[in-house]
Each structure stands twice: as C-alpha cells, then as structure tokens.
Amino acid sequence: MRYGIIVLAAASLLSACQTAAPPAVSTPTSTPPRTPAAKQLADSIDAYKSLVAQQIMAANSAYTFSGRLPPMLPAIVVLDLSVGPDGELKSVHVHRSRDSEASAAALAAVRRVPTLFPPAAHLMRRHARTFDFSETFLFNEQYQFQLRTLSGPQ
C-alpha cells in the first residue's frame, strides 16, 4: 500500500514538473548545395534535355533573352548534339537553319559550356556509343536566343 502511494506521488510529481514543450523554433535551414548539372541524373529524355538547356543558358547569359518570344523570329536553328555516356560532348552540328550567323552563334553557345553535360549512359540504347538529341535555338532581332526546351508555351 505504501508502495502504491509512493508510485502515485512520484507520477503526479513528474506530471506536475513536465512543462509544455516549447514551440518549435524555426531556424533557417541551409539548403544543401546544388549538385552541378553534370552530376545529376535525369529520369527521362525531357528532363535530360532540360538539364542540358539550363547549362547552355547559364554559360551564355550575355547572349540570351527571357520573356515572351517575338511574334516573328528572325532566326531558328536546330542543332543535333551527341553526348557520351559520361556527359562529354562528342559532336554538335547544324540540323536546320536559314541563317549562317545564327548557326554560328548557336554552335558557339554549346561549345561555351565549360563542364561536362549530365551523364547520359542510362538513357542510351543498348550498344549505343552516344546519346543523340536536338535542341532548337530561337533568336530575336539582336541575335540573342532562348532554347525551345526551356521557353515553354507562348
């Protein structure tokens, strides 16, 4: 009996001593460092093209424009790119263009990317040596460009 009273007293003493948990303090959490695009793995061809397009745009910020596309685009260039399994650019060539100045600007923009593109091995067909895809450069009158992959619906 005495033992039961001691247990009850201890339990009530402990419950009286407990205070409400302090409200959660929101401390700013640092965002983990972004993995460079060259290290990211894309889960689809569209996601891969988006990562590559982001790298091209980042390496060419002085040559790009944002916002709505003009009603009439003075130049459109389609490039074919071939990327190795590790993300190394193997080749790039003009697939379609009517403007040699825009073609040269698009080729230079791809070659300005300082690092590897994302690894592409998981997207490659069996026994393929490269992952091949195209990107469309949309030029305004000042020969600045947007990439079709990132421009979205207009």
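As the structure is a computational prediction, the values presented were derived from the model and not from experiment.

**A look at the pattern of salt bridges**
- Under the counting rule described, the total for this entry stands at one salt bridge.
- The closest approach of N and O atoms between Glu88 and Lys90, which form a salt bridge, is 3.3 Å.

**Observations concerning the environment of Asp80**
- Following the sequence through the fold, Asp80 ends up in strand β1 (residues 75-83).
- C-alpha separation for the pair Asp80 and Asp132, spaced 52 residues apart in sequence, amounts to 7.1 Å.
- Discounting chain neighbours no more than four positions away, the residues touching Asp80 are Ser91, Val92, His93, His95, Phe133 and Ser134.
- Looking at Asp80, its side chain comes within polar contact range of the side chain of His95, at 2.9 Å.

**Digging into the sheet that holds strand β3 (residues 131-139)**
- The strand order across the open sheet formed by four strands is β2-β1-β3-β4, and the pairing between neighbours is antiparallel. Edge positions in the sheet fall to β2 (89-96) and β4 (145-147), since each has one partner strand and no second. Direction aside, the axes of adjacent strands within the sheet are offset by 30 degrees on average.
- Across six bridges, β1 lies against β2 in antiparallel orientation. If you follow Val78 over to β2, its bridge partner there is Arg96.
- Here helix α2 (residues 45-59) sits on the sheet in contact with β1, β3 and β4, set at roughly 50 degrees to β3.

What counts and what doesn't
Residues numbered from 1 in each chain as written. Predicted model: local features only at pLDDT ≥ 70, side-chain atom pairs only at ≥ 80, totals over all residues. Heavy atoms only, no water. Salt bridge = Lys/Arg side-chain N within 4 Å of Asp/Glu carboxyl O. Helix = DSSP H or I, 4+ residues; strand = E, 2+ residues; numbered from the N terminus. Contact = heavy atoms within 4.5 Å. Polar contact = N/O pair within 3.5 Å; in protein donor to acceptor, adjacent residues only side chain to side chain. Pairing = 2+ DSSP bridges. Axes fitted to C-alpha atoms, helices over the stretch in contact; angles between N-to-C directions.

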